[in-house]
Amino acid sequence: MPNPGSNGSFQHRVIEATPGGEVLVTCLQCGTCGGSCPSGPDMDHTPRRLFAMIGAGMEDEVLRSNTPWYCVSCYYCMVRCPKEIPITDIMYTLKNMAVKAKLYDDSDAPDWSKSFIGYVENYGRSFELGLATRYHLTHKPLRKVGLGSFGLSMLGKGRLALRPDRIKGIEQLRAILDKAKELEAVQ
Amino acid sequence: MSERIGVYVCHCGSNIAGVVDVEELSRWAGETLDDVVVSRDYKFMCSSLGQELIEDDIKKEGLTRVVVAACSPHLHERTFRRSCASAGMNPYLCQMASIREQVSWTTQDKAAALSKSKAMVAGAVERVKLHEALEPNQVPVNPNTLVVGGGIAGIQAALELADAGYQVHLVEREPSIGGHMAQFDKTFPTLDCAACILTPKMSDVGNHPNINLLSYSEVEEVTGYVGNFVARVRKKARYVKEADCTGCGICIDKCPKKVVDEVFEAGLGYRKAVYRPFPQAVPKFPVIDRESCIYFERGTCKACEKFCPTNAIDFEQQDTILDLEVGNIILATGYDLFDARKIPQYGYGRLANVYTSLEFERLCNASGPTEGKIVLRDGVTQPKSVAIIHCVGSRDKRHNPHCSAICCMSALKFGHLVTEKTGAEVYSFYIDMRPLHKGYEEFYDRLLEEGMHFIRGRVAEVTDADRQPGEEGKLIVQAEDTLLGMQRRIPVDMVILMAGLQPRRDAKDVSLRFGISCSMAGWFTERHPKLDPVATMTDGVFIAGTCQGPKDIPDTVSQGAAAAARVQGMIAVGSVEVEPVVATIHEERCSGCRICNNLCPFNAIEFLTDKAVSYINAALCKGCGTCVAACPAGAISGAHFSNEQIFAEISGLLYDVARGNGAKTPQPVEIPA
Amino acid sequence: MADATFEPKIIAFLCNWCSYRAADLAGTSRIKYPPNLRMIRVMCSGRVDPTFVLKAFALGADAVMIAGCHPGECHYLEQNYKAMRRFAMLRHTLRKLGLEEGRVRLQWASAAEGAQLARAISEMTEEVRALGPLNWPAQWSEEDGSIETAILQLEEEHAQAMEVAA
Amino acid sequence: MRYAYYPGCSLGRSAWPYEASTKAVSEALGLELEEVEDWNCCGASEYFSLNKTAAYALVARNLALAARQNGLKQLLAPCSMCYLNLRKTDHYMGKYPKLGKTTNAALAAGGLSYKPGSLEVRHLLDAVVNDVGLEAIAAKVTQPLAGLRVACYYGCLVVRPEFNGKSFDNPEYPTHLDQLMQALGAEVVDFPLKAHCCGGHMTQISADTAFELIRRLLHNADEYQADVIVTLCPMCQLNLDAYQSQVNRHFKTDYHIPVLYFTQMIGLAMGISPDALGIGSEFVSAGEALAKIGETIEAVPGGAPPRRKRDEKALPMPGQKGEA
């Protein structure tokens with residue numbers, strides 16, 4: 001295992017993949033992030049602890065952690081961190097890495113994200129009804145009924161569409177996204 | 001006539017010789033460089049034997065110039081200049097090449113190290129040929145001293161000097177001396193009462209025949225140079241005639257106007273419009289605060305004047321301006337407290353029972369607004385639980401990146417006082433506990449024994465939004481307990497914010513006014529962080545206490561005393577040498593364009609209207625050389641850093657550049673003037 | 001045209017109070033950096049006359065660094081601001097002569113920043129190594145005018161610029 | 001005042017009342033909104049979770065389209081998530097050149113490009129308060145919201161993060177919406193959780209987590225006796241409104257706090273009919289709360305939250321100036 005922080009180490013790769021991530025090494029383990037996090041109590045490790053684990057090279061444990069998936073992107077940690085570490089962005093990096101490494105056993109959040117972007121890639125817009133239905137049918141079949149009544153009242157209030165909109169430039173968008181994915185793979 | 005140059009290469013034990021082939025370097029210099037008549041290497045050039053080597057050669061070989069390739073000139077330039085002088089050579093005809101700091105300690109490749117060393121020796125040789133003999137100026141030192149700031153640092157410095165028999169002018173911005181220390185209740189770790197140890201010193205200052213105390217005054221301008229400064233001081237109108245006032249305090253009793261005291265009581269108490277910050281104030285004379293006085297606002301009242309038994313009130317009093325001649329200056333201007341409102345998530349200013357550390361000092365203080373009772377903002381309720389939050393605005397890139405140095409200990413002190421006076425539970429939220437000095441760790445131990453709770457984690461927020469039973473009506477302190485790795489919410493009645501120390505808001509202006517430098521943040525810069533902590537780069541200006549950086553009372557007092565000792569040294573010698581590195585204008589070449597006039601921040605350049613040329617006052621010139629570089633006519637020359645000397649050094653440093661003409665030693669290219 | 005054997009020669013002007021002390025500190029901290037940079041001590045970065053830089057190029061330097069105290073920390077109060085202003089003009093002039101940006105560098109280094117100075121030296125050395133040799137004296141003598149004429153011309157421009165700035 | 005307008009997916013459906021009220025109010029306030037042609041979804045936080053490069057490219061397409069449309073310089077978004085994604089992509093593309101280059105390389109595959117900094121991305125609230133101005137708005141108020149106790153709820157993304165220390169309001173304790181509601185005549189409560197999280201997408205992933213976050217907000221607004229929570233983000237509105245009954249069931253509570261958009265409040269104060277503002281489509285009916293302003297002018301404000309009375313012994317609050 002490479003030394004923490006050296007080229008090729010887990011910490012180094014996390015930093016490389018995060019714009020402005022180089023300040024991660026200055027973390028003083030004060031816990032402001034963990035103290036501020038609204039979903040902190042549900043995380044298996046606090047963000048602070050996760051950063052210590054990253055420094056210690058515990059790649060597998062970090063990428064299996066539910067912590068990044070419980071991040072609600074409220075950015076409280078980021079505006080409070082005394083070292084100005086872009087914590088939310090590091091959480092996105094860890095999610096990207098976990099998905100690539102297929103290590104996210106404690107959460108089905110990635111599948112929610114996948115369902116979401118499936119619509120975006122096909123239509124250029126998100127589609128709440130299809131999204132909720134598809135995701136819940138595959139992951140929470142037992143809650144179908146509850147959702148059903150919720151969805152029906154949403155429909156009743158005119159707050160749920162029956163079919164998705166599609167943008168005109170969907171081909172253009174796909175070309176852009178394909179290129180982006182190709183560039184991501186190279187990095 | 002060509003010069004006779006001696007080159008001396010130091011081994012510095014193995015510090016240099018371990019990387020640089022010193023024998024080869026010395027051989028090369030002797031054989032290759034023009035005008036080098038002696039070239040030697042030696043184990044330790046700075047030793048007395050090494051110095052004798054140089055002195056002997058000067059005498060026997062008739063050397064006219066000396067080059068020493070050794071350590072940085074900041075370390076031993078003085079040493080080698082002295083040995084040249086003792087052999088009868090002008091000390092400024094010596095030049096050093098820093099082949100230790102710049103070569104052997106920073107380079108691994110031995111071949112590269114040798115070739116860089118050769119370049120540096122060649123540079124020094126080319127340069128030293130053009131050196132001129134210079135004489136340092138001697139100036140007398142005025143034995144009077146100006147001390148700026150009447151906190152404990154300034155008090156200590158002033159008393160040390162005054163007791164030694166020298167005259168001191170002590171200038172303080174506020175109506176009384178005493179500074180922050182006068183606001184404190186107890187002092188850590190011994191828990192001495194601050195007033196008990198400070199007020200005797202304050203009255204010593206007030207009564208000392210050698211101290212001219214100028215309170216409610218500010219230094220507006222400083223001119224002159226080491227040994228001979230003139231400080232212009234504005235003594236603000238007190239509207240009380242000091243000569244007539246007995247300090248009886250009747251005026252204060254009779255004044256009908258009460259306002260919040262933002263300074264001494266830290267906003268936690270009230271004072272009158274005519275006031276003395278606190279009963280033991282020195283001097284004892286009150287001040288009328290023009291901003292809140294009813295007479296100044298509406299033109300009637302004058303209750304103070306009516307009741308004053310000695311007719312000491314004078315509403316017509318004006319500011320007075322004094323010019324003080326002093327030889328040295330000690331700056332002891334202190335710190336400002338970080339404004340806790342800048343961290344809204346801690347609720348200061350919004351949540352009533354969130355206090356700053358300074359407010360809490362006043363709360364504990366027997367002569368404070370609650371007579372020492374620790375109570376909530378309602379003025380009556382004793383807290384049953386108190387949270388102390390460390391590092392408020394400190395160790396934070398968004399505010400002050402530094403550690404404020406005293407908060408950990410103050411927090412322990414507060415913990416003790418809360419426990420002693422109220423029996424409340426105390427929770428201390430810290431990042432790292434730093435009890436660094438004598439007796440401090442023991443004090444930490446004592447608080448652990450007293451049952452204070454320590455939670456390692458920087459507080460995320462303080463809120464009144466309860467979430468679970470037990471939190472209603474409380475302030476909830478939320479943090480990660482990093483030793484447990486979990487979020488905790490502690491409901492408390494009172495929160496104390498350990499607001500950090502930061503430079504005075506006008507520190508940058510003050511540093512400019514006194515011609516010293518300060519850090520980006522505003523801390524005054526010492527001459528050397530370890531070996532010269534109270535001197536500054538400006539001769540004759542010293543610093544003491546927290547204006548230099550956060551520190552506690554013992555360190556502050558040490559610095560006050562140290563600065564006084566340095567000044568006494570200057571006075572004892574009676575005169576001071578001023579480096580002759582100054583700029584001169586050659587009248588015949590000056591076109592009178594006046595470009596240089598505005599460039600000098602020391603006002604050393606004046607324009608002689610009669611001759612229509614500019615002129616440099618050598619006593620004011622600090623030798624930076626900016627004007628030399630800027631003169632379009634090339635009419636200004638900088639002693640010891642002339643264009644020719646620099647050009648020669650460049651050519652020497654590039655001795656190994658292959659040039660078309662194949663010259664072994666480069667021939668300087670003539671630059672048209 | 002990166003030449004593997006090319007070792008650039010860089011001349012640096014360091015102010016006595018901050019940057020030269022940063023170099024001292026790099027030494028006492030035993031921080032290693034490339035030996036390509038050769039230092040000249042001046043009292044202040046404000047002393048660095050643009051002709052020093054031109055002279056260094058004329059004598060065969062591949063690059064020049066000017067180092068001083070951080071803005072606001074100048075020992076002479078504000079002279080490094082003058083250095084900064086002058087540097088902008090210098091860079092403009094050098095650009096007109098076709099010199100790459102990487103060949104001159106203004107570096108702030110406080111007396112505490114030995115490591116930062118060493119890093120800047122390493123960066124600059126690599127940058128100049130990638131640019132290749134400048135070989136200014138040769139280039140100028142091959143063309144019509146002599147190097148002295150060029151310097152004279154630049155000096156005049158500089159003087160005019162200073163007059164405007166002052 | 002002309003702006004490029006990026007409504008975002010939610011405003012087309014679940015937040016149609018926000019769209020309707022924005023349209024109604026912007027016209028009356030003189031804000032000209034020109035919708036970005038053929039805009040696509042901003043990806044919310046989901047795309048960033050899976051593939052950041054594609055996520056930045058997805059957002060950047062909108063920036064590229066907006067920047068070439070009629071030379072508009074300001075891009076307005078009413079949804080906080082969209083606002084953040086657009087602002088962040090613009091900022092990061094400029095701050096991190098590598099990211100800027102990659103993103104533009106992806107855009108090039110669709111024949112587009114975007115130069116960071118060419119648009120200023122702004123939230124609708126920012127434009128209303130700072131461009132139209134509180135005085136101008138107050139002057140248009142015909143039916144002041146007097147007697148209505150409102151909790152101003154900002155949520156996260158409208159004020160956080162700060163990019164280069166810049167945000168149009170304080171990231172911890174914002175006040176723009178408070179000032180706006182005061183200008184409309186409402187009684188604003190000092191809502192301490194005003195910038196806390198509504199749970200975001202956690203309703204879908206871990207309902208228990210989300211419900212607890214929603215409960216905290218409702219509990220606190222209730223403690224302060226707010227008649228209505230005013231918001232500026234479709235996600236916040238959805239979570240607090242549509243899930244309120246589920247939260248009540250989950251925690252055996254009985255909260256009934258309607259959640260309205262700030263644009264609906266402006267509309268009401270300016271005398272626009274509730275219908276035209278989409279009022280009535282909320283899950284928790286606002287009828288009872290709004291009756292307070294419809295029915296009686298002298299409506300006594302509900303009991304203020306318990307605040308201790310100041311007496312002789314009370315110590316001054318920080319910053320309290322002047323006479324005792």
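All values reported here derive from a predicted model rather than from experimental measurement. (Residues numbered from 1 in each chain as written. Chains lettered and ligands numbered in written order. Predicted model: local features only at pLDDT ≥ 70, side-chain atom pairs only at ≥ 80, totals over all residues. Heavy atoms only, no water.)

> Tell me what's going on with empty space enclosed by the protein, and back it up with residues and numbers.
One pass over the structure, following the stated rule, counts 15 cavities of 30 Å³ or more. In this structure, the largest cavity encloses a volume near 200 Å³. Taken together, 19 residues form the lining of the largest cavity, with Gln-95, Met-96 and Glu-649 of chain B together with Tyr-20 and Arg-41 of chain C sitting closest to its centre. Of all elements in the fold, only helix 3 (73-86), strand 4 (94-98), helix 5 (110-129) and helix 17 (643-653) of chain B together with strand 2 (37-42) of chain C reach the threshold of two or more residues within the lining of the largest cavity. Residues that form the lining of the largest cavity fall into these classes: ten nonpolar, five polar and four charged. Estimated volume of the second largest cavity: approximately 170 Å³. (1 Å grid on protein atoms, 1.4 Å probe; cavity = no way out; pocket = protein on both sides within 12 Å on 5 of 7 lines; lining within 4 Å. Points joined across faces, edges and corners; volume = space filled by probe spheres on them. Helix = DSSP H or I, 4+ residues; strand = E, 2+ residues; numbered from the N terminus. Nonpolar A, V, L, I, M, F, W, Y, C, P; charged D, E, K, R; others polar.)

> An account of the sheet that holds strand 8 (residues 259-261) of chain D is needed here, citing residue identities and associated values.
Each strand in a sheet pairs with its neighbour through backbone hydrogen bonds, running either in the same direction (parallel) or in the opposite one (antiparallel). Residues and elements named next belong to chain D. Within the open sheet, the four strands sit side by side as 6-5-7-8. Their pairing is parallel. Each edge of the open sheet carries a strand with a single partner, namely strand 6 (187-189) and strand 8. Within this sheet the neighbouring strands show an average axis-to-axis angle of 40°, counted without direction. As judged from the three bridges shared by strand 7 (residues 228-231) and strand 8, these two strands associate in the parallel manner. Bridging from a neighbouring strand, Thr-231 pairs with Tyr-261 of strand 8. (Pairing = 2+ DSSP bridges. Axes fitted to C-alpha atoms, helices over the stretch in contact; angles between N-to-C directions.)

> Residue-level account of the domain arrangement of chain A, with values.
When the parts of a complex come together, some accessible area is lost, and that lost area is often taken as the interface size. All names here are of chain A. What the domain assignment lists for chain A is domain 1 (10-101) and domain 2 (109-186). Of the residues lining the interface, four residues belong to domain 1; the matching set on domain 2 comes to five residues. Of the roughly 310 Å² buried between domain 1 and domain 2, counting both surfaces, carbon and sulfur atoms make up 66%. Taken as a group, Trp-69, Val-99 and Lys-100 account for 90% of the area that domain 1 buries against domain 2, more than any other trio of residues on that side. The interface formed by domain 1 and domain 2 holds one salt bridge in total. Among the salt bridges present, the one from Glu-184 reaches Lys-100, with a minimum N-O distance of 2.8 Å. Taken together, the residues of the side of domain 1 that touches domain 2 break down into two nonpolar, one polar and one charged. (Domains from an automatic or database assignment. Contact = heavy atoms within 4.5 Å. Buried area = accessible area lost by both parts, 1.4 Å probe. Salt bridge = Lys/Arg side-chain N within 4 Å of Asp/Glu carboxyl O.)

> Give me the lowdown on the interface of chain D and chain A, citing residues and values where you can.
Opposite the 69 residues of chain D that make contact, chain A presents 65 residues. Counting the surface lost from both chain D and chain A, the interface buries some 5,800 Å², and carbon and sulfur atoms represent 59% of this. For the chain D face of the interface with chain A, the top three residues by lost area are Leu-50, Lys-52 and Gln-204 of chain D, together amounting to 12%. Across the contact surface, chain D and chain A share two salt bridges.

> Provide a residue-level description of the arrangement of the chains, including the pertinent values.
With four pairs of chains in contact, the largest contact count belongs to chains A and D. Between chain C and chain D there is no contact, and the shortest C-alpha to C-alpha distance separating them is 18 Å.

> How would you summarise the sheet that holds strand 2 of chain C if you had to cite specific residues and measurements?
With parallel pairing, four strands are arranged side by side in an open sheet as 2-1-3-4 (chain C). The outermost strands of the open sheet, each flanked by one partner alone, are strand 2 and strand 4 (104-108) of chain C. Across the sheet, the mean angle separating the axes of adjacent strands is 20° when strand polarity is ignored. Here five bridges tie strand 1 (residues 10-15) of chain C to strand 3 (residues 63-68) of chain C, and the two strands are oriented parallel to one another. Across the sheet, Ile-10 of chain C pairs through a bridge with Ala-63 of chain C, a residue of strand 3 of chain C. Across the sheet, helix 17 of chain B is in contact with strand 1 and strand 2 of chain C; its angle to strand 2 of chain C comes to roughly 165°. Against the sheet, helix 1 (residues 19-28) of chain C makes contact with strand 1, strand 2 and strand 3 of chain C, and its axis sits at roughly 110° relative to strand 1 of chain C, the strand it touches most.

> Can you explain the interface of chain C and chain B? Please cite residues and give values.
Chain C puts 59 residues into the contact, and the matching count from chain B is 60 residues. Here chain C packs against chain B, burying approximately 5,300 Å² in sum over the two surfaces, 64% of which is carbon and sulfur. Per-residue buried area on chain C facing chain B is highest for Arg-38, Arg-47 and Leu-59 of chain C; these three make up 14% of the total on that side. Along the contact surface separating chain C from chain B lie two salt bridges. The closest approach of N and O atoms between Arg-41 of chain C and Glu-77 of chain B, which form a salt bridge, is 3.1 Å. Our count for the chain C to chain B interface comes out at 17 residue pairs in polar contact (both at pLDDT 80 or more). Of all the elements in the fold, those that place two or more residues in the side of chain C that touches chain B are strand 1, helix 1, strand 2, helix 2 (50-58), helix 3 (79-96) and helix 6 (147-165) of chain C. With nine residues, helix 6 of chain C is the largest single contributor of residues to the side of chain C that touches chain B. (Polar contact = N/O pair within 3.5 Å; in protein donor to acceptor, adjacent residues only side chain to side chain.)

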